[in-house]
Structure formats: structure tokens, C-alpha cells
Amino acid sequence: MSNLTTETRPERLKMVDQVLNITNDKKSKNKSLATRQTITKATPTNAKAIARKFTGAMARKYDVFISFRGKDIREGFLSHLFDALQRKQINTFLDENLRKGEEIPPTLLETIEDSYVSIVVFSQNYADSPWCLDELVKILECKETLGQVVLPIFYHVYPTDVQNLTGNFGEAFAFAEHREELKGYLDKVDKWLHALTEISNLSGWDSRNIKSECKLVEKIANDVSEKLRHASSSDSYNDNLVGIDSRVKKVESLLCIESTNDKRAIGIWGMGGIGKTTIAGEVFSRIMAKFDGHYFVDNVREEMRKQRPIVLRDKIIHQLLGDKNLYINTPKLHAFIRRRLKNKKVVIVFDDVDDPNHLKLLAGECALYHNGSRIIVTSRDRHVHKNVCPEDYIYEVEKLNYDEDLCLFSLYAFKQNHPKKGYVNISKKVIAYAQGIPLALRILGSTLYDKEIEEWESELEKLKDIPDMNIQAVLKISYDGLERHEKSIFLDIACLLKEELKDRVERILEGCDFFPRRAISHLIDKSLVTDSNGRMGMHDLLQQMGKDIIYEESKQLGERSRLWKYKDICHVLTTNAVTENVEGILLDVSGNGYLELSSIAFTKMCNLRFLKLFDASYSRQGQVLLPSGLEFLPEELRYLYWERYPLKSLPLNFCPKNLVELHMPRSNLIQLWNRDKALGNLKYLDLSYSFELTRVPDLSSVSNLEVLYLDECRSLIEILSSIGKLKCLKEVTLNDCKKLHSIPQSICNLKSLTDLDISYCLNVNGLPENIGDLELLKLPCLEELHASNCTSLESASTSFLFQEHEDEEEEKYLDFRNCINLDKGVYEKVMEDVLETHLLKHKVVKLFIAGDEVPQTMRYKNQSGSSLSFILDRPHLIGLSFCAVFDPKNCPGDDMADIICKAQFIDKSGDNSKNFDFYLMILKVGLSYSEHVFLWNELFNMEDSFVEASFQFCIHKVSFKPTYHEDFDYEAIIKCGVHPVFRDDCLCRDKKRSRNQEDEEDEPSPQRLKQEQNPSHTQDKS
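Owing to the predicted nature of the structure, the values given are computational and were not obtained by experimental measurement.

Thoughts on the packing of helix α21 (residues 438–448) against helix α23 (residues 469–480)
Relative orientation and spacing of two packed helices are given, respectively, by the angle between their axes and the distance between those axes. At their nearest, the axes of α21 and α23 sit 9 Å apart, and the two run at 160° to each other. Our classification of the angle between α21 and α23 gives roughly antiparallel. The hand of the α21/α23 crossing is right-handed. Between α21 and α23, the residues in contact are Leu439, Ala440, Ile443 and Leu444 and Asn470, Ile471 and Val474, respectively. When the residues that make up the contact of α21 with α23 are grouped by side-chain class, the tally is 6 nonpolar, 1 polar and no charged.

Notes on the state of the cysteines
Each disulfide is one covalent bond, formed between the sulfur atoms of two cysteines. Inspection of every chain in the model, using the stated rule, returns 0 disulfides. Looking at Cys366, it has no disulfide partner, and the nearest cysteine sulfur is the one in Cys389, 9.2 Å off.

Digging into the pattern of salt bridges
For the coordinates displayed, the defined rule picks out 50 salt bridges. Its salt-bridge partner being Asp465, residue Lys565 comes within 2.8 Å of it at the nearest N-O pair. In this pair, Lys565 is assigned in the loop between β13 (562–563) and α28 (566–574) and Asp465 in the loop between α22 (453–463) and α23, connecting sequence segments 100 residues apart. Judged by its relative accessible area of 38%, Asp465 falls in the partly exposed class. Among the charged side chains, a salt-bridge network with shared partners connects Glu500, Arg504, Arg507, Lys612 and Glu661.

Description of helix α5 (residues 77–87)
Turning to α5, its buried residues are Phe77, Leu78, Leu81, Phe82, Ala84 and Leu85. Buried positions in α5, seen along its axis, are confined to an arc of 160° and lie on one side of it. Backbone geometry just downstream of α5 places Gln89 in the positive-phi region, at approximately 60°.

A word on the sheet that holds strand β2 (residues 92–93)
The parallel open sheet is built from 5 strands, whose spatial order is β2-β1-β3-β4-β5. Two strands in the sheet have a free side with no partner beyond their single neighbour: β2 and β5 (205–206). Here 2 bridges tie strand β4 (residues 149–154) to β5, and the two strands are oriented parallel to one another. For Phe154, the partnering residue across the bridge sits in β5 and is Asp206. The strands that helix α7 (residues 130–146) touches are β1 (62–67), β3 (115–122) and β4; relative to β1, the one it contacts most, it runs at about 140°.

A closer look at the nonpolar core
Among the nonpolar cores identified, the biggest contains 91 residues, and Phe602, Trp642, Leu662, Leu710, Leu734 and Phe816 are the most heavily contacted of them. Ranked by residue count, the leading element in this core is helix α29 (residues 824–838), at 6 residues. If sequence neighbours within four positions are ignored, Trp642 has contacts with Phe602, Leu613, Val624, Leu626, Leu630, His663, Met664 and Pro665. Counting 85 residues, the second largest nonpolar core, distinct from the first, contains Leu400, Ala413, Ile443 and Trp564.

Comments concerning the side chain of Glu712
Among the structural elements, Glu712 can be located in the loop between β21 (707–709) and β22 (731–733). Overall, Glu712 belongs to the buried group, its relative accessible area being 16%. In terms of polar contacts, Glu712 uses its side chain to reach the side chain of Arg714, at 2.6 Å. Beyond its immediate chain neighbours, meaning those up to four positions away, Glu712 contacts Tyr689, Ser690, Phe691, Asn735, Asp736 and Cys737.

Things to note about the pairing of strand β29 (residues 877–886)
In terms of burial, β29 is largely enclosed, as 10 of its 10 residues are buried. When β29 meets strand β35 (residues 973–982), the two strands line up antiparallel, connected through 9 bridges. Opposite Phe882, over in β35, you have Val978 as the bridge partner. Judged from the 8 bridges that link them, β29 and strand β32 (residues 932–939) form a sheet pairing that is antiparallel.

Here's the deal with unusual backbone geometry
For Ala363, which is not glycine, the phi dihedral falls at a positive 55°. Structurally, the position occupied by Ala363 is in the loop between α17 (357–361) and β9 (374–379). Even without a glycine there, the phi angle at Tyr689 is positive, about 60°. Mapped onto the fold, Tyr689 is located in the loop between β20 (684–686) and β21.

What counts, and at which threshold
- Residues numbered from 1 in each chain as written.
- Predicted model: local features only at pLDDT ≥ 70, side-chain atom pairs only at ≥ 80, totals over all residues.
- Heavy atoms only, no water.
- Axes fitted to C-alpha atoms, helices over the stretch in contact; angles between N-to-C directions.
- Helix = DSSP H or I, 4+ residues; strand = E, 2+ residues; numbered from the N terminus.
- Parallel < 35°, antiparallel > 145°, perpendicular 65-115°, else oblique.
- Left-handed = near helix turned anticlockwise from the far one by under 90°.
- Contact = heavy atoms within 4.5 Å.
- Nonpolar A, V, L, I, M, F, W, Y, C, P; charged D, E, K, R; others polar.
- Disulfide = S-S within 2.5 Å.
- Salt bridge = Lys/Arg side-chain N within 4 Å of Asp/Glu carboxyl O.
- Buried < 20%, exposed > 50% of the residue type's maximum accessible area, 1.4 Å probe, protein only.
- Arc of directions from axis to C-beta.
- Pairing = 2+ DSSP bridges.
- Core = buried A, V, L, I, M, F, W, Y, C linked by side-chain atoms within 4.5 Å.
- Polar contact = N/O pair within 3.5 Å; in protein donor to acceptor, adjacent residues only side chain to side chain.

Dropping the structure here:
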């Protein structure tokens, strides 16, 4: 709206003259001001508003500012409106002071700036107050510069009177206008006119349309709540809440506030500093307007320690009911209070809860409230959430991604959303350290703000050993809440066992009497450790916190409970500065040359539970030497891992009764010790790559042994028959034991054996005849048999394939790769056995065997190509068996590869089809000596009615040299076959009889199918 002059408003001035009886002489005095222009002064508050717009708004002090004419509405409408807003818990500024003087104080102007919403109550005498009109100008300014929401209310005045300055409202304005003109402040009048015109034309409320004042103020309060919800959500970016929207949406989807027929509690879970409170606060601010009552209970864990629960509970109820005078102060809520709460649809956030019982004490149960109520709980402990809501109502907060990391860090470090020139690479190092934790990014960004790059580098170097105190203080809260043995387990994982297999960690800690299964579950629930693909992990900042706790145990290295730094371990072991406090040593010798220890280096460590000396890089550029031998190893050892152990045996006086795992890979051992030892707790024995090892001790006393690794023990001649007594043994690996001549018959007695690997055992010429006796055993049974490169192998039994098994999803893998001397009859029987197991619905078996023939009983074959097709003569296809004969001469090289069978099924009309790719991973096919057969199957339920099927086999090769590329080779497959399995082909396991006692009149399915073969259906498409 352009500024009005005296020439453009003669009617307005005439009205003023009539009302005030002003003479034309007075009027002409001000005519020289007719062409004036309005100039907006850069007042302090105005400059602050403009700066705020461009630098990002901070959270504002008030939700609502009310501009009103006191003498019109103070005692009536205004008090009702204020109460309605208070009941909605809307923080409202109301100027209770009687306004004296004509100049509005600067503090009041700042208050307007510091509000999200301004309510302007246009009443009959509003416009005769310069104070009100100045407020109005400020409100319009905040609307235009800060995006403030403005809501006009026309109370007992016509909106058109305000917009056109007519009627009583116009007369009131005329008085105020004339006073300012007499003072020569016509520019102020123009601002008033502009503000009145702009704001009165906004959408608002007309009191004449709602007769009940009670309903009117309630509707206004609801409208304000909704506007506040949108106003606060729009501040997310300005408040540096990077990535908040996607996370808020996930929480809102769990809340499902549109559903008003239920009550619901949801959890927000994650480690300290990841943003749980921030997300909960943002969700709360966005949805609170939709509820009758709302309350954010901040830091429940601390508040419950500071004050009695009943005091905090009453404060919550007062706020929810909007009744500050309500007196409760009783452990049990009165029925009257319960009835009032039951009528309220509420949203409550309980932030940082560490005990689910606290919610009961703080009126945090959904049952207390009306349908549609929502309760949000944030906690570091997943167990708390499990006590409050179902698993699928728990939201695990994700770490920030790379882009979010960089943006958030930059906002604090550079006051912009990207790094300054020259700081990009070092900023990436900082965010790599923080690993997506907002708290760390904010603290580090603030610390490094306005610092030179040299100071950044110094800070990063310091952080490697000395963590930031502010970050650690937040993270350590979770650790402090642990029980004593849980703290020990956390420190073991942080300092010694991170990235180890979870099963291994549990085995070792069970041996330490730590009850690890429950404890580790609790640590995972508290976001202190993670289980990622079966390995124990934790955030690097939490690991650093754990190590810092060890640093604080003592200034003396030898008095600390756990050691992992090379220089620290070297110092204590070479100077004999160790004490009985040491419980664990993790020494990576890679790249550090030779470390010579004395024969008594471990003598003082009577409480040593964990000792691992290893070369992480496999560089062979580091090793621990014992030039004077080794006299002592602690009896308390549960885990001993010594890579490249330099001696021929372990100390004679070593008592390994507590050992749970013993790893001596690449050692110089000839034998473990000179006489048998009691090893009742040993579960894992790994002597792999010990080239000089000639014998394994009598294992009959190692009753709990589960894993035996003897890979590439090239001097090993025999395995004692006592191995058959190990009823817990699951895995036996004898890969590349070149001097081993036989596998003891007693191995057939192993009730728990699931994996046997005799690959590259060149002198083993047969498997035990009774290995099929494994079929008499119950779950688990043999699942994998590795006999690749056993070039002397002549016989093998696969009768174990037909044993009864409780696992309906069992899968088996048989590897006879490069077993080129396997008897032809054995070769054919192995393939027929595998094919027959395919007819059992739950038998998935994969075979890799040297040979060049498709099984005779396979229904459809192509003897000279890689493709075939046939008619599906029956419905209900439930599976397919595939056979591919591969010639390595057509596929040289050692690239990674797998076999693909591309299948197409066509319906009767010929118009509809389905395509499938069936894979079999075979690794490096180029290492095969001769033709090989791949036989595997896939199970499915083909509901569609198809009448024709076609298949194309090929080798899919992947190479990473010099860059990643892949190829499809069709010529490498020289023969192929497919055997469809229909529902009525499936052998009924309940009726299956012993294979050796089958009735001759009831032919086995492969024989029947052999008779049904129709060669006319087989077509060569190669």
C-alpha cells in the first residue's frame, strides 16, 4: 500500500475536522507535508530482527503476544482468552501494566519479536491508542521480516469498519491521527494506516459470528495451537536440526495420531548423544496442538533423583488438567482425579527414562487417559521400551549420514552449511571421528569454530588419546548404570574383543563366570554394544570412553587391568613392571619388528584371563620371540591366541584347565606339550598352518571341544581314534594335511558333526565306510562335506543324505572338486543320491564333483549344449533340479564365477511368461583340473499354470582386475539337464522306508521318471 497524502484522502481529513472542529488554518499548516515519504528507521530492535532473519532464528521466548485496548476488554474477553490459551499450555505474554505515556518501551517491542504468534484484538477504542497502533506497526514488521503469524480478532466491531476506517472505529482512529499531525509526526500516521490496512485484511475471527464467548475463545485457542505447530516445525533448519524431518516422520508414523480409537505408547531408542530428546521435542511441538493436554517431562532419570516422584507426578497432572490449584499429594490418585484424566486426550513425552517403573509413578500409563492419547518415551535402554510398548513401536534413531554430518558440523564450525575453502579434508576427518553422532558434531564444531587449521590438526591428534570431556560425560551415563560384571564385560569388548564373533565372546566370558548372554543382551539394549552380523561392535566414541576408564585406573601402566597399546605392552613386559591387576593383553605386532621377552615375562600376571599376540596385517614383519624359552603361563587364562609361537611346545608346567579357546596358528609347535593335560573347558582348538606339527594330543579328555582346526598342518600323519569320543565336536577342518593317510573310523561316532573338510588331503584315498552311520544321529547332522583336491580319493559314501532330520529347511553342500580318481561307480551313485534327495521337498543339496556326465535319471538332458526346453505335462511344479557340465578349457583364468540358469515359463496362450535366474556359486572355476558336474536344486511353489519351459545355462564371471567387470560364457557349459519336481512326485517322508529294503514292485521315483523320459521333448538350442 502506497503512503497516503493529504491530497489522496480529503474525505478522511474532512471527517477529522468535523469531529474535532479543527479550522482550515490549522489544516493548512501541515499542507507542506503533503508529499512526504515514510522512512523506516534502523532501530536496535529492527536491526536485530533483520539479523535474525538471515542468521537463523533461535527458539522464541513466547508462543503468543496479545495486542489489546485494556479499557475495552481487560476484565472480560481478554481474561477468558488468556485462560483458554493457558489451558492449551500456550505460553502467552499479557501486558498487565496500565500503559502510561505515549511511547512504547523497547522491552515491549522485543517481546513482540520474541513471540511466534501475535493476536490483535480490534475493539471499539483500539485505534484511539497510539500505544496499540505502535504495537500494530511492530507486529506487521515481525510478520514481514520474521514470518511471525498474525491473527486478528474483530471484537464487537465490523471488520469493514477496521479495514475502511469507518464507524466508531474510524472515529477513534481520527483522534489519534489528528494528535500526531499536530505534533508533526505524519510519517507515523502513515505507518499506522498501512499496518491497520494490512492486518485487518488477514484471515481472523469475528465475534459476531459466534454468540457464545466461551466457544469463541476455545476455537481461537485451537486455531492458535495449530498455527504454533506449523510455526515451530518451520524453525527446524534455523535451529540447526539437520536431518530432523525424516526422523520425525518415522516417529509420527508410529504414533498414528489420526487413529483416535486407541491409546498408544511408543519408544525412541539410541545411544547417548544421538538425538533422542531433540527428535521427541520436535515431534511434541508439531503435534501438541491436537491434544487437550500436553507435557514434556525433561530428564526423568535426573529428576527422579532430585525430587520425590509424587511431586513430579502432581506437577504433570496440574499441567494436563490446567489446574494449578489442584492439591493431590497422595500416593494413589483420587477417583475424581482419575475421572478428569480419563476425559483428557493427552500427549506426554517422558525423556531419558532408565527405569520402566518410573512411568507408573509419574502417571505415565496409557490407561489413565482418553482414547487418542499418546505417550512418547526416550531411553538409552531398549529394555525400558519393551516394558512400555510392543517391539514394533520402538524407533531406533539412525546415525546421521555423511551429508547430514558435514552440514551439521559446518553449521557449528563455520556458521554455514558447508566447510570453508581449505577446510574440506580436515572436516571429513572430524566427522569420521564423530561417526554420525549429533552431540559430538555440535561440540567439536563449536570447539573448532574460528580456529586456524593448525589448531584443528592439533585437536584431532589430541582426540586420539584424550577424548572430549563433554562428549564423554554424556556417554558415560549409560556405563555408570551397569552392574559390576556388566562393566567388566563392556570393558573387555571395548579394549579386547571388539569385532570378535559374538559366539566366541560369549564362550570366553562364560569361562570367566560372567553370565555373558544376559549381560550382552542388556548392553545391546542400552546401546552400548552392537551385534552386527554375529560380531560384537560398538561406536568408536564408546570404545574410546571404555579405554579412557582403563586409563583412569592408574598412572602406572602395569597396574591397569587391560593393555592394548604396543608401546605400553612392550614397556611392562620388557621391564617386568606388570602386576596382578592385568587381566587382558591385546598385542598387534604387525610392522613392529621382533619383540624379545624373557622366560618369566608373564610370571606376575596371575589374574591374566585374555592373551592375544597377533599380526593383523599378515605382514610377517612382527613377532614375539622367546630366546630363553617360556617358563610360565597363568592358570587363569581363558583365551590364548599366539600367532607364530616360536617354541616347539607350551610350558610343561602350564595348567590349561580354564582355557576355553586355544589358537596357535603359524606356530613352530611340534606338539602342544610333552604329556596330556586336563582340558575340560576347551571348546576351540586351532593349530592351523603349524607346518612342523606331527601329532595332536589325545583328545579324549577334551569332552567339550566343538571346533578343531588343523588346516595345512603338513607334517601331521594321523588323527588319533580318540577323536570319536568328542560328542560335542561340530567342525573338523583338515584342509591340505598332505601327509595324512586316513580318517579314523571313529569319526562316524561324532553325534554333533556338521562340517568336515578334507580338501587337498592328497593321500587320503577314502572316507570311512560307515560315515553313513551319521544318519542314525539326531539334529544337528553333517551339513557340509569338503573333499576338494583329494586326488587320491577313490571312495565316498553319501548315505547320510537320507537320514531323518528335524530341520525342515536343511541345506547340504558336497564338494568333490578335482577328486579325479573317484571310482566311476561311486561317482554315479553320489549323483543319483543327490538327485533323489531333490525329490524330497525339504532336501536342498548342492554337489560339485569331477565328471562329465549328466545323471542318467535326470528327466530332460542336452548332451551337447547349454540350453534345452520341454513341455510341462503336469500342474503344481514345486521345484527344479539343475545339472551343468563344465569344461575348464573353455573358461581359463581364476576369476570369481557362478553358474546361472536363466529360465522362462510360458502359459497356454503363449502371451504370458515369467522369467527367473537360478544361481549356484562356484568361486574360481579356472582352478579345476578337468570337466566337472554341478548339480543343485531350487524349491518354490509355482501357482501359475504354465505349459512350456526353456532353460539357458552359462558361467557368470566377475573380475576386479584392473577394474570391476563381468562376463557371461555360454560355451563353457558343454552338457546340461533339468529335472522338474511336481507335488505328486515328492516322496512322503512319513511313508519312506529304508533305501535298502524298498519293495521291488514300488520303484523309486528316479527309476519311474527314467521310464517316463520322452526324448522328443529335448531340443538342442546351443
